[in-house]
Amino acid sequence: NAGVTQTPKFQVLKTGQSMTLQCAQDMNHNSMYWYRQDPGMGLRLIYYSASEGTTDKGEVPNGYNVSRLNKREFSLRLESAAPSQTSVYFCASRLGTGRVLDNSPLHFGNGTRLTVT
Amino acid sequence: GQQLNQSPQSMFIQEGEDVSMNCTSSSIFNTWLWYKQDPGEGPVLLIALYKAGELTSNGRLTAQFGITRKDSFLNISASIPSDVGIYFCAGQINSGGSNYKLTFGKGTLLTVNP
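No experiment lies behind these values; they were computed from the predicted model shown. (Residues numbered from 1 in each chain as written. Chains lettered and ligands numbered in written order. Predicted model: local features only at pLDDT ≥ 70, side-chain atom pairs only at ≥ 80, totals over all residues. Heavy atoms only, no water.)

A tally of helices and strands in chain A yields zero helices and eleven strands. When its helices and strands are written in sequence order, chain A yields β-β-β-β-β-β-β-β-β-β-β. Here the C-alpha radius of gyration of chain A, 13 Å, is about what a compact globule of 117 residues would show, namely 13 Å. Expressed as lengths along the three principal axes of its C-alpha atoms, the size of chain A is roughly 40 × 25 × 25 Å. (Helix = DSSP H or I, 4+ residues; strand = E, 2+ residues; numbered from the N terminus. Rg over C-alpha atoms; globule rule 2.2 N^0.38 Å.)

The structure is reproduced here in structure tokens:
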């Protein structure tokens, strides 16, 4: 039982390049999330998917797109990377759908460390 | 949006000492969560609190959901070197619509000197 798996673990991009960060969970969770973590900023929500087939913007969505491919997988795409997107990206999932009265806790992957030069 | 003030930002303690950190907010939360992040890894859930006044323990860790629902604290007793890491609080509001609202504090970096 791997939990939440993210690939790749490390990536270096040049400004303007594109890439997709992959995330998969094997816990049969309904909702999935993408966060970025920057020094002194804590964890900020980029996008989330409350259930298969739906996606919504979080706090900092600009410059990103997401795809909920199926119940297990939720990918994050950078179409044209910028140095401001240098960060550690975390995928997370939870059993519930993130709607009212959903108290299920988030489970995180181990992160993708992205550097944009 | 909601903001969580987590303090202290960092702590340097000796092995064996007790540790206390807290989060406060101007908003009411329905759930408080405490996570620990080891270097190079993702945050791992330590304790979840679902009711105002609730006091929950997990080994040497104890956390409480404040009566006002605007604060929470985490205590670690008899610290050991493997307690080193960043501790995050997170609060959730169950909003009236379908919006998901989980707000994270900025973390407390704990260093334990053996």
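Let's shift gears to unusual backbone geometry. Most of the time, phi is negative for any residue but glycine, and the peptide bond is trans. Between A:T7 and the following residue, A:P8, the backbone shows a cis peptide bond with an omega angle of -10 degrees. Along the chain, A:P8 falls in the loop between β1 (4-7) and β2 (10-13). At the junction of B:S7 and B:P8, the peptide bond is cis and its omega measures out at -5 degrees in the coordinates. Relative to the helices and strands, B:P8 is located in the loop between β1 (4-7) and β2 (10-14). The backbone of B:R69 shows a phi angle near 70 degrees, a positive value even though the residue is not glycine. Here B:R69 lies in the loop between β7 (61-65) and β8 (71-76). A relative accessible area of 30% places B:R69 in the partly exposed class. (Buried < 20%, exposed > 50% of the residue type's maximum accessible area, 1.4 Å probe, protein only.)

Before going further, it helps to examine the pattern of salt bridges. Close approach of charged atoms allows side chains with opposite charge to pair. Under the defined criterion, the tally for this structure stands at five salt bridges over all chains. Between B:K36 and B:D38 there is a salt bridge; the shortest N-O distance is 3.0 Å. We classify B:D38 as partly exposed; its relative accessible area is 29%. Salt-bridge contacts for B:D83 lead to B:R60; the nearest nitrogen and oxygen are separated by 2.8 Å. Placement of B:D83 in the loop between β8 and β9 (85-92) and of B:R60 in the loop between β6 (55-58) and β7 is noted, with a sequence separation of 23 residues between them. Each of A:R36, A:D38 and A:R44 takes part in one network of salt bridges that share partners. (Salt bridge = Lys/Arg side-chain N within 4 Å of Asp/Glu carboxyl O.)

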